[in-house]
Amino acid sequence: MTQDELKQAVARAARDYVADRLPVGEILGVGTGSTANFFIDEIAAIKDRLGGAVASSEATAQRLAGHGIRVLDLNDIDAMGIYVDGADEIDGSMAMVKGGGGALTREKIVAAVAGTFVCICDASKRVQTMGRFPLPVEVIPMASAYVSRELAKLGGTPKLREGMVTDNGNLILDVHGLAIADPVGLETRINQIVGVVTNGLFAERGADVLLLASAEGVQTFYADAVR
């Protein structure tokens, strides 16, 4: 199977998960990226079941609206049952590296509100130790040089993502060469650097459910607290 075929398969599985688990009329959170785009296309078939969707980026909002799915502002809702998004890497503890599409801050905010975080990806994204994919860090523009120096002290090589401005008006530093043995600790440490908005480690609040596509089909994995 091609990677797009794997993404299509896991998007269908996520649509079925939402149809089975999300009560009619409740709000769905939707992530950003190529796999999330396949998911958006799939949930168009069940849009009448949804009370609306919260988007983690302007691009996602536009795609949802293009399918006639009502897009809501996060500030206008009190609760969200499920958030569905992809990952650039995910380890056995269900911690993730995200932000390849530059929407990490909004993704992290939406994930914080959701009752259940469903990660959808193909088997190539599952790793023992994260760090092969550069870790995105969103920074206030005036702090980018300072934050780069501080990130270098952690053992990585930060590089400014050229031509990238986030939906929040900030910059992205991609940190290469890290071996992330303690995702929660590193997430906290980077977020304490002055000038950092947030980083792409989703470890303190990792995935609750992983839908993982391979040539053998889509497997479902659960965090310890969710079944």
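Residues numbered from 1 in each chain as written. Predicted model: local features only at pLDDT ≥ 70, side-chain atom pairs only at ≥ 80, totals over all residues. Heavy atoms only, no water.

**Q** Pulling in residues and values, what's your account of the sheet that holds strand 10 (residues 171–176)?
**A** The strands making up a sheet associate through backbone hydrogen bonding, with each pair oriented either parallel or antiparallel. The antiparallel open sheet is built from four strands, whose spatial order is 9-10-8-11. Both outer strands of the open sheet, strand 9 (157–160) and strand 11 (196–199), are each paired with one neighbouring strand and no more. Along the sheet, successive strands turn relative to each other by an average axial angle of 30°, direction set aside. In terms of strand pairing, strand 9 meets strand 10 through four bridges, oriented antiparallel. Bridging from a neighbouring strand, Thr 157 pairs with His 176 of strand 10. With respect to the sheet, helix 5 (residues 144–152) is in contact with strand 8 (135–139), strand 9, strand 10 and strand 11, its orientation differing from that of strand 10 by roughly 20°. Running at roughly 165° to strand 11, helix 6 (residues 183–191) makes contact with strand 8 and strand 11 of the sheet. (Pairing = 2+ DSSP bridges. Helix = DSSP H or I, 4+ residues; strand = E, 2+ residues; numbered from the N terminus. Axes fitted to C-alpha atoms, helices over the stretch in contact; angles between N-to-C directions. Contact = heavy atoms within 4.5 Å.)

**Q** Before we move on, could you go through unusual backbone geometry and cite the residues and values that matter?
**A** Positive phi outside glycine occurs at Met 94, with the angle close to 75°. Within the secondary structure, Met 94 sits in the loop between strand 5 (89–90) and strand 6 (96–97).

**Q** Any details on the nonpolar core? Residues and values, ideally.
**A** Core analysis: the largest hydrophobic core is formed by 27 residues, its most contacted members being Val 18, Leu 28, Phe 39, Ile 43 and Val 84. Elements with a minimum of two residues in this core: helix 1 (3–21), strand 1 (27–30), helix 2 (34–43), strand 2 (52–55), helix 3 (58–66), strand 4 (80–85), strand 7 (114–122) and strand 13 (209–214). Here this core gets six residues from one element, more than from any other, and that element is helix 1. When near neighbours in sequence (up to four residues on either side) are disregarded, Val 84 contacts Ala 14, Val 18, Leu 28, Gly 29, Val 30, Gly 31, Phe 39, Val 118 and Ile 120. (Core = buried A, V, L, I, M, F, W, Y, C linked by side-chain atoms within 4.5 Å. Buried < 20%, exposed > 50% of the residue type's maximum accessible area, 1.4 Å probe, protein only.)

**Q** Let's hear about the sheet that holds strand 5: which residues, and what values?
**A** On the basis of which strands lie adjacent, the open sheet formed by three strands has the order 5-6-12 and antiparallel pairing. At either end of the open sheet lies a strand with only one pairing partner, and these are strand 5 and strand 12 (201–202). In this structure, strand 6 lies alongside strand 12, joined through two bridges in antiparallel fashion. Among the inter-strand pairings, Val 97 is bridged to a residue of strand 12, identified as Leu 201.

**Q** Please provide a residue-by-residue account of the pairing of strand 2, values included.
**A** By the alternation rule, side chains of strand 2 split into Gly 52 and Val 54 and Ala 53 and Ala 55, which are all buried. Pairing of strand 2 with strand 3 (residues 71–72), which is carried by two bridges, proceeds in the parallel orientation. Within strand 3, the position partnered with Ala 53 by the bridge is Val 71. Between the parallel elements strand 2 and strand 3, the chain passes through helix 3 in a crossover that is right-handed. (Right-handed = clockwise from strand over helix to strand, strands pointing away.)

**Q** How would you explain the packing of aromatic side chains if you had to name every residue and give the values?
**A** This model, assessed by the stated rule, comprises two aromatic pairs. Taking 5.1 Å as the distance between ring centres and 75° as the angle between the ring planes, the aromatic pair formed by Tyr 83 and Phe 117 counts as edge-to-face. Taken together, the positions of Tyr 83 in strand 4 and Phe 117 in strand 7 put the pair 34 residues apart, joining distant regions of the chain. For Tyr 83, a relative accessible area of 0% puts it in the buried group. For Phe 117, a relative accessible area of 0% translates into the label buried. Through a chain of ring-to-ring contacts, the aromatic side chains of Tyr 83, Phe 117 and Phe 202 assemble into a single cluster. (Phe/Tyr/Trp six-rings, centres within 6.5 Å; stacked < 30°, edge-to-face > 60°.)

**Q** If you had to explain the environment of Ala 45 to someone new, which residues and values would you point to?
**A** With respect to the helices and strands, the residue Ala 45 is situated in the loop between helix 2 and strand 2. Overall, the relative accessible area of 68% leaves Ala 45 in the exposed class. Considering only alpha carbons, one finds Ala 45 and Leu 151, 106 residues apart in sequence, at a separation of 44 Å.

**Q** Explain the pattern of salt bridges to me, using residue names and the numbers behind them.
**A** Close approach of charged atoms allows side chains of opposite charge to pair. Here the structure, examined in full by the defined rule, presents 10 salt bridges. Between Lys 98 and Asp 85 there is a salt bridge; the shortest N-O distance is 2.7 Å. Linking Lys 98 in the loop between strand 6 and helix 4 (104–113) with Asp 85 in strand 4, this pair joins segments that are 13 residues apart in sequence. When its relative accessible area of 2% is taken as the criterion, Lys 98 is described as buried. Under the relative-accessibility criterion, Asp 85 is labelled buried at 0%. For Lys 98, the salt bridge identified is with Glu 107, shortest N-O distance 3.3 Å. Counted as one network, the salt bridges with shared partners bring together Arg 15, Asp 16 and Glu 42. (Salt bridge = Lys/Arg side-chain N within 4 Å of Asp/Glu carboxyl O.)

Functional significance is not addressed by these values, which are geometric in nature.
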